[in-house]
Structure formats: structure tokens, C-alpha cells
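Fold and contact review
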Amino acid sequence: MAWNVVIAGGGFGGFEVARKLERMLPRHSAQVTLVSDQNYLLYTPLLPGAAAGTLEPRHTVVPLRDQLCDTNLRLGTITGADPARQVVRLTTGDGREDELRYDHLIVSVGSVSRTLPIPGLAEHAFGMKTLPEAIALRNRLLQSLEIAEGIDNPADREPWLTYVFVGAGYAGLEGLAELQDFATDLLDVYPRCRLQGVRFILVEAQARVMPEIPSSLADFAIDELRARGIEVRTSTTIDRLTEESATLSSRTGENEDTVEERVPTRTVVWTAGVKPSPVVKRLGLPLDERSGRIVVDRQLRVEGVDGVWAIGDAAHVPDPRDLTRPAPPTAQHAIRQGRTVAHNVAAALSGGRARTFNYKTLGVFVDLGHGKAVASTLGLRWRGVPAWFLARTYHLASMPGLTRKIRLIADWTVGLFFGRDGAELGRLGHPGKLDTPDQLAAAQHAAEDAPGTGDDRPDAP
Ligand SMILES: Cc1cc2nc3c(=O)[nH]c(=O)nc-3n(C[C@H](O)[C@H](O)[C@H](O)COP(=O)(O)OP(=O)(O)OC[C@H]3O[C@@H](n4cnc5c(N)ncnc54)[C@H](O)[C@@H]3O)c2cc1C
């Protein structure tokens, strides 16, 4: 009888498990099923490129069916699990409830934006975690320039031309840098906006930005952003938002006195951290009290639950550098955890020995747009153009599939020579409805009742 292996979530971690198991397991020895709520892997480091129009959005994702030949892909949303009966529950794309039995379950459902109860945040802020969010942001930038261009009074124009990013991690720093670069390119065709200028503000609650990279590189990144006119506000929080403004509180001086400022803005982007996908609470697994992530041991096994493993942003994996802390929520960790768990599942099925997760961060890249980046690889630090080139080469090498790589090269090359596209296609995917019979009848009556129309109309030529 073939074993049932179920992978929950088809992002960096889940995709890597499936890919590795396809190579490791003898044919027909196990039925591997990957359940994901979207049929692609989102390559998140390229999201800022999609938001800034450097990359065609479709080229930042990898269709799972293209890459996984022997894995059974089920499109659906995991809604819960019963570890005692060894089943996961899911809702399929057409709304049916279903159950999948497993011998081994690998949970890799990732994370969602971690928000705070800040008045107005949910109503007015943009996220930067998913492809629709990145595209919404791109459309907002274009819409705001269009609207500002049509406003006579500079004071009324200001909120449309001010963009606030909250949270200076990967997503915040790269997203802001790329979007500012995009806005600067576009200003050539918006004369009024160019005269007034755009304002970009990066807000960070901590005293420094990007704790993931060495402080000398973080300082370089900040100097680079400031040289472009971007305001970087550390030790600052956002207290409330309205449709037209954000109120910031900064701690200053030795006594950490709080200074409040109301910034006129219509675009606030929230990139202040992540939390595990909500479904982890419904899987009946032990969760870390502080982070809410699933607790696993160094072999990525969920403690005390037979046949269940967890990886990536959803899991609390002991960091090999300091076992009291969790490994950072990054793609490179999720991928390495995926490889370890695939090995361990294969070992469990064949009676082999499990491996310990031992990966320590090898390098980080932060793309700052403008052909610049900062990077730290194997103890070497890179800045400016060489770091940017290294970052692009790394992403190209990591992107699964030859055709995806070629599409990336094509987008980057076209962008380099011909600039970016300023068309705002916000209605894509939301077409208007066709007329109903009632609307057609109403239109017909209106046409007949209108003076000068009807039977007395002259014949058309
Ligand atoms: C803008 C941005 C830039 C980043 N840049 C970098 C970078 O440069 N380098 C780096 O290492 N990391 C980066 N990261 C972090 C990286 O994206 C994550 O750490 C990584 O995606 C985690 O992998 P994962 O497999 O745990 O989750 P994910 O890759 O998020 O995959 C989870 C998958 O599970 C699916 N899913 C969720 N819930 C369900 C459900 N209930 N049912 C079915 N499917 C479900 C999701 O749709 C998704 O496909 C960045 C993140 C962002 C947002």
C-alpha cells in the first residue's frame, strides 16, 4: 500500500518539499498531495519589482503544475485538521468540503501581515505581502499622480503625492525604494507633480532599520535612501490614519519625549512584520505562546504528534545559531527546511535516519532600486552596483524553471533600455457586467421618451 504524504501550502517551503520528494521517493511508493489555495508559488523578493512596474506580475510567480510532475496538486483552502484521525480538512475551489487522510503531513502555510489595533489602519492602509497587494499599490501610485496632476491648489495635491511606508524590514525598505524609483521615472510626464515633487517617508518603531543585515550595510542603505530625498524616521510609530492623513509619534532626546506630527497622505503601506497564517490555530497542534508559530524540534517534527512536520514562516524552528530563538522567517530558511523535511519524511518511510536542521544564513540582499543594493554574503559585504548585480544574479539562479528565468531576463532588459510602463490597469480582473434584460428595457424606454428621438428621427445615412 502506498503511503499518503500531504503538504499543506505551496510556497517556498511546500514547493521545495514536493520537488525534493519527487526526486527522493521511488515511483509509486507514496502518493504525494500538495494542497494550496493558489496554483503558483509567489517569489516574494520580486514583489517590489512587480509593484514598481519593473516586472510583469505573472513573471514573479511559478505555476506549480509546470514544475511538479509527479505530485498531485489539489487547489483548495485547508480549514482544519484532526491529528488523532490523521486527516486534514479543506474547502475546494467550487466550495465543497473534503478530507484528506495522511500518514505524513507537512504544514507550510506561511504567514500573513501582522497588524496592530491602530485606528484607521484596516480601512486605509495597503499591505505588501501578496501579488494583488503589490499591484494595488502600483495602481495607487499611478492613480494618485493622475489625480494630483488635475488639482490646482498645491496644498490639496500634497496628500496625493505623499507616501508613507511603515516597517523597515525587507518588504518596507525594498518596496519603498522601488516605488520611489518608479515615481521619479514617471514624474517626467506629470509636469505639475514634478514641480511640486513627491514625498516618501519610511517609519520604523525600532532605533535601527533592517535588523536582518549588519548595521554598516543598513547604514549604507539609509544613507542611499536619504540621498534620494526619502525621509527615514526611526523610533517612530504610526498612531492613527484617516483617508487623508497619518499621525506619527517620534521618541526624541534622552528622555524619549514624544513628538506628534500629522502627515497629509493618502497612501500608507503597512509592512511591519508577519504572523503565521490563521489556519495554524485550527490544526490541533502545539503553538509557541509568543509568536503563535507551530513548535517543532530540530528535525522539524511537531512535538508529540505522530507524522506531522512544520516548516517556514508558520513554524517555530530552533535557530541553529541560537537554539533558544526561532529561525528567521525568510524564504532561504523555508527552502532549507523544506529540503530537511523531505529527507526526514523519506527516511521515516524507508527506515532511514532523520537529519537535523542546521542551516545558518549565508547571505542577504536588499535591492534599493536605481541599480543599487546592499548585500552580505559569506562574510563579505557588498554595496551599490556590484551588490545590485549580485542580487539579480542570485534571484535569477534561485527562480525555478528555465522559462521563468528567461522571462525575468527579458523584463529586466526591456526595463533597462525602455523604462517602465505607466499604464494603470486597475480594472483588470474586474470587468463590468453585461446589460441585464431589465437594464436593456430601461435603456430602450429612455431612448423612446427622449425628445427628438423615436419614429420622427431622420433615417441614418
Ligand atoms: C515583499 C517581501 C519580500 C521578501 N523578500 C525576501 C528576500 O529577499 N529573501 C528572503 O529570504 N525572504 C524574503 N521574504 C520572506 C519570504 O517571502 C518568506 O519567509 C517565505 O515566503 C516563507 O515561505 P513559506 O513556505 O513558509 O510561506 P509562503 O511562501 O508564504 O507559502 C505559503 C503558501 O501556503 C498557502 N496557504 C496559506 N494558507 C493556506 C490554507 N489555509 N490552505 C491552503 N494554502 C494556504 C499560501 O497561499 C502560500 O502559497 C520576503 C517577503 C515579502 C513579503
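Right above here is the structure, for reference.
First, a word on what this report is: a plain description of the structure on this page.

Criteria and cut-off values
Starting from 1, residues in each chain are numbered consecutively following that chain's sequence as written. Reporting in this predicted model follows two pLDDT cut-offs: at least 70 for local features of residues, and 80 or more for side-chain atom pairs to be given and counted; totals over whole chains, interfaces and linings ignore these cut-offs and use all residues. The side-chain quantities take in all heavy atoms of the structure and omit both hydrogens and water. By the criteria applied, helices consist of DSSP H or I runs no shorter than four residues and strands consist of E runs no shorter than two, each listed in order from the N terminus. Any residue under 20% of the maximum accessible area for its type is buried, any over 50% is exposed, and the rest in between are partly exposed; the area is computed with a 1.4 Å probe on protein chains only. We call two residues contacting when some pair of their heavy atoms lies within 4.5 Å. Method for areas: the Shrake-Rupley scheme with a 1.4 Å probe, in which residue coverage is limited to the protein chains shown. A positive count includes Lys and Arg, and a negative count includes Asp and Glu. His and the chain ends are not counted in either. All charge positions are set by atom: Lys at NZ, Arg at CZ, Asp at CG, Glu at CD. Pairing between strands requires that DSSP locate at least two bridges from one strand to the other. For helices, the axis comes from a line fit to the C-alpha atoms of the stretch in contact; other axes are also lines fit to C-alpha atoms, and the angle between any two N-to-C directions lies between 0 and 180 degrees. Nearness is judged by heavy atoms alone; a residue qualifies as near a molecule or strand once a single heavy atom is within 4 Å of it. What qualifies as a polar contact is a pair of N or O atoms within 3.5 Å, subject to a donor-acceptor requirement within protein and to the restriction that residues adjacent in sequence count only when both atoms come from side chains. Polar here means any residue outside two lists: the nonpolar Ala, Val, Leu, Ile, Met, Phe, Trp, Tyr, Cys and Pro, and the charged Asp, Glu, Lys and Arg; Gly therefore counts as polar. The source of the domain bounds is an automatic or database domain assignment. A cavity here means a set of 1 Å grid points, computed over protein atoms only, where a 1.4 Å probe fits but cannot escape. A pocket is an open set with protein on both sides within 12 Å along at least 5 of 7 lines, and lining residues have an atom within 4 Å of a point. Grid points are joined across faces, edges and corners, and a volume is the space filled by probe spheres set on the points. In what follows, salt bridge is the name for a side-chain nitrogen of Lys or Arg lying within 4 Å of a carboxyl oxygen of Asp or Glu. Multiplying 1.5 Å by the residue count of a helix minus one yields the expected span of that helix.

**Regarding the overall build of the protein chain**
If you tally the helices and strands in the protein chain, you get 13 helices and 26 strands. Considering only C-alpha atoms, the protein chain reaches an extent of 85 × 70 × 45 Å along its principal axes. Buried positions account for 47% of the 461 residues belonging to the protein chain. By sequence separation, contacts in the protein chain at least 24 residues apart represent 65% of the contacts at least 6 residues apart. Carbon and sulfur atoms make up 53% of the accessible area of the protein chain, which amounts to about 23,100 Å² in all. Each charge sign in the protein chain was given a centre, from 52 positive and 57 negative side chains, and these centres are 9 Å apart.

**Here's the deal with the sheet that holds strand S10 (residues 125-126)**
Sheet architecture is open: 5 strands sit in the order S10-S17-S11-S12-S13, paired in parallel fashion. Here the strands that pair on one side only, and so sit at the sheet edges, are S10 and strand S13 (231-233). Alignment of strand S12 (residues 199-203) against S13, held across 3 bridges, turns out to be parallel. In the strand pairing of S13, Val203 is matched with Arg233. Each of strand S11 (162-166) and S12 is contacted by helix H7 (residues 170-186), which is oriented at about 175° to S12, the strand it contacts most.

**A word on the site of the ligand**
The local shell around the ligand holds 29 residues, among which Gly13, Asp37, Thr44, Ile78 and Asp313 are the closest. With respect to the ligand, the backbone of Phe12 contributes an N or O atom lying 3.1 Å from an oxygen atom. Within the side chain of Asp37, one N or O atom sits 2.5 Å away from an oxygen atom of the ligand. Contact with the protein chains hides 90% of the accessible area of the ligand, taken as 990 Å² for the molecule alone. When contributions to the shell around the ligand are tallied by element, the ones reaching two or more residues are helix H1 (12-24), strand S5 (72-82), H7 and helix H10 (331-350). Looking at the shell around the ligand residue by residue, the classes come out as 11 nonpolar, 15 polar and 3 charged. Both domains that meet at the shell around the ligand, namely domain 1 (3-113 + 274-361) and domain 2 (121-272), each give it at least three residues.

**Re empty space enclosed by the protein**
Scanning the entire structure with this criterion turns up 1 cavity of 30 Å³ or more. The volume enclosed by the largest cavity comes to roughly 140 Å³. In terms of lining residues, the largest cavity is bounded by 13 residues, among which Pro45, Leu46, Glu178, Asp367 and His395 are the most central. The element best represented in the lining of the largest cavity is helix H11 (residues 384-398), accounting for 3 residues. Here the lining of the largest cavity is composed, by residue class, of 6 nonpolar, 3 polar and 4 charged.

**Re the pattern of salt bridges**
Throughout the structure, instances matching the rule amount to 24 salt bridges. Measuring nitrogen to oxygen at the nearest pair gives 3.2 Å for the salt bridge that ties Arg19 to Glu16. Note that Arg19 and Glu16 are positioned in helix H1 at a spacing of 3 residues, about one turn of the helix. Look at the salt bridges and you will find they share partners, linking Glu158, Arg199, Glu231, Arg233 and Glu261 into a network.

**Quick look at the environment of Gln206**
Residue position: Gln206 is located in the loop between S12 and helix H9 (215-227). In this structure Gln206 comes out as exposed when scored by relative accessible area, which is 52%. Those residues in contact with Gln206, other than ones at most four positions away along the chain, are Thr234 and Ser235.

**Regarding H9**
Compared with an ideal rise of 1.5 Å per residue, which puts 13 residues at 18 Å, H9 spans 18 Å between its outermost C-alpha atoms and is within 8% of the ideal. On the buried face of H9, the contacting elements are H7, S12, S13, strand S25 (373-377) and strand S26 (380-383). Once H9 finishes, Gly229 follows within two positions and takes phi at roughly 90°, a positive value.

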